[in-house]
Amino acid sequence: MSSKYRGATTYTQSELDREAELMEQIHQARIAGDSGSEGEEEEDEEDLIDVDEKLLQDPAKLNELLPTPLSNLRFEVLRLLSIMMDPITVVGNDFTTFAAQIGFCSTYIRYLKALDIKKNSPFEEVLQIWQDSAPDTTIGDLMYLLNEIRRKDVVYKLNEYYPVLTEQ
């Protein structure tokens, strides 16, 4: 799969495992409504939202600032986004909502939910099909749709690699 993504950087399994562990902790904190350090993150996020909300809601502007084709998404970024989007969430803003947003039928979404995520990433599958069916899709489009399904955490992670938003 890495041959499809130009400029892919190789990461060790332990580096990916550490990032996955961190993402799982963030995910569990969101589910549990942990009010510890999350309050500080929410304040920072609110400041960032004030500045960037208009940009995130303007797909044309995002594509102007971030015209990189989705096919050029770096492999390590794809893996990190998958780690964040693959788990089914109580709120429902996971890969299933993303797939529905880009037009996947409910039957195929049920199929994706049945995949063994240790072997196949449903989010990667969704992105690959989206890219194949719409080759002009950009990372700006991805950022816009992630914002539409209220996954600002994923938007900000993507922004770390493809910066268009103000610094966090």
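Residues numbered from 1 in each chain as written. Predicted model: local features only at pLDDT ≥ 70, side-chain atom pairs only at ≥ 80, totals over all residues. Heavy atoms only, no water.

## Quick notes on helix α8 (residues 139–148)
Stated precisely, the cut-off is as follows: Exposure is judged per residue with a 1.4 Å probe applied to protein chains only, and the accessible area is read against the type maximum: over 50% gives exposed, under 20% gives buried, and values in between give partly exposed. Helix and strand definitions here come from DSSP, where helices need a minimum of 4 consecutive H or I residues and strands a minimum of 2 consecutive E residues; each element is numbered from the N-terminal end. Polar contact is the term for a pair of N or O atoms within 3.5 Å; when the atoms are in protein, one must be able to donate a hydrogen and the other to accept it, and sequence-neighboring residues count only if both atoms are side-chain atoms.
Counted residue by residue, α8 has 8 buried out of 10 residues, so it is predominantly covered. Regarding α8, its N-cap is Thr138, as a side-chain oxygen of that residue lies 3.2 Å from the backbone nitrogen of Gly140 further along. One or two positions beyond α8, positive phi appears at Arg150, with a value near 60 degrees.

## Here's the deal with the pattern of salt bridges
Test applied: Salt bridge criterion: a side-chain nitrogen from Lys or Arg within 4 Å of a carboxyl oxygen from Asp or Glu.
Counted according to the given criterion, the structure contains 5 salt bridges. Across the pair Arg79 and Glu124 runs a salt bridge, and its minimum N-O distance is 2.3 Å. A residue pair is termed long-range when its members are at least 10 positions apart, and Arg79 in helix α4 (residues 75–85) and Glu124 in helix α7 (residues 122–133) qualify at 45 residues.

## Some words on the packing of aromatic side chains
The cut-off we apply is this: Ring pairs are drawn from Phe, Tyr and Trp, using the six-membered ring of Trp, whenever the two centres fall within 6.5 Å, and their geometry is named by plane angle: stacked under 30 degrees, edge-to-face over 60, tilted for the rest.
Summed over all chains, the structure comprises 4 aromatic pairs. Ring geometry for Tyr108 and Tyr111: centres 5.3 Å apart, planes at 40 degrees, overall tilted. Note that Tyr108 and Tyr111 are positioned in helix α6 (residues 106–113) at a spacing of 3 residues, about one turn of the helix. Owing to a relative accessible area of 45%, Tyr111 belongs among the partly exposed residues under this scheme.

## Regarding the nonpolar core
Filter applied, for reference: The criterion is simple. A nonpolar core is a set of buried Ala, Val, Leu, Ile, Met, Phe, Trp, Tyr and Cys residues joined through side-chain atoms within 4.5 Å. Whether two residues are in contact is decided by their heavy atoms, any of which lying within 4.5 Å being enough.
Counting residues in each nonpolar core, the largest one holds 35 residues, and the members touching the most others are Leu73, Phe98, Phe123, Leu127, Leu142, Leu146 and Leu158. Contributing elements (two or more residues each) for this core: α2 (38–56), α4, α5 (95–101), α6, α7, α8 and α9 (152–161). Leave out the neighbours within four places in its chain, and Leu146 touches Met85, Phe98, Phe123, Arg151, Val154, Val155 and Leu158.

## Examining the environment of Thr89
When you line up the elements, Thr89 lands in the loop between α4 and α5. Given the relative accessible area of 9%, Thr89 is considered buried. A polar contact is formed between the side chain of Thr89 and the backbone nitrogen of Asn93, at a distance of 3.1 Å.

## Things to note about unusual backbone geometry
In this model, Arg150 sits at a positive phi of 60 degrees, which is unusual for a non-glycine residue. By the secondary structure assignment, Arg150 is in the loop between α8 and α9. The class for Arg150 is exposed, based on a relative accessible area of 69%.

## Description of the packing of α7 against α8
Quick note on the threshold: Every axis in this analysis is a line fitted to C-alpha atoms, fitted for helices over the stretch in contact. Angles between the N-to-C directions lie between 0 and 180 degrees. Note on terminology: angles under 35 degrees are roughly parallel, angles over 145 are roughly antiparallel, angles of 65 to 115 are roughly perpendicular, and the others are oblique. Helix crossings fall into two classes, left-handed where the near helix is turned counterclockwise from the far one by less than a right angle and right-handed where it is turned clockwise.
Contact pair α7 / α8: the axes reach a minimum separation of 13 Å and the direction vectors enclose 130 degrees. Classified by the interaxial angle, the pair formed by α7 and α8 is oblique. You can see that α7 and α8 cross each other, and the crossing is right-handed. On α8, the residues touching Phe123, Leu127 and Trp130 of α7 are Asp141, Leu142, Leu145 and Leu146.

## As for α7
To be explicit about the condition: Multiplying 1.5 Å by the helix residue count minus one yields the expected span of that helix.
Compared with an ideal rise of 1.5 Å per residue, which puts 12 residues at 16 Å, α7 spans 16 Å between its outermost C-alpha atoms and is within 8% of the ideal. For α7, every residue scored as buried is listed here: Pro122, Phe123, Glu124, Val126, Leu127, Gln128, Trp130 and Gln131. Looking at the buried positions of α7, the neighbouring elements they touch are α4, α5, α6 and α8.

## Notes on the confidence of the model for the chain
Let me state the cut-off plainly: pLDDT expresses, on a scale from 0 to 100, how confident the predictor is about each individual residue.
The predicted model of the chain averages 79 in pLDDT, with 68% of residues at 70 or higher. Counted against residues more than four places away or in other chains, residues 34–41, with its pLDDT under 50, gives 3 contacts.

## Focus: the environment of Leu112
Note on placement: Leu112 falls in helix α6. For Leu112, a relative accessible area of 0% corresponds to the buried category. With near-sequence residues (within four places) excluded, Leu112 lies in contact with Phe95, Phe104, Pro122, Glu125 and Val126.

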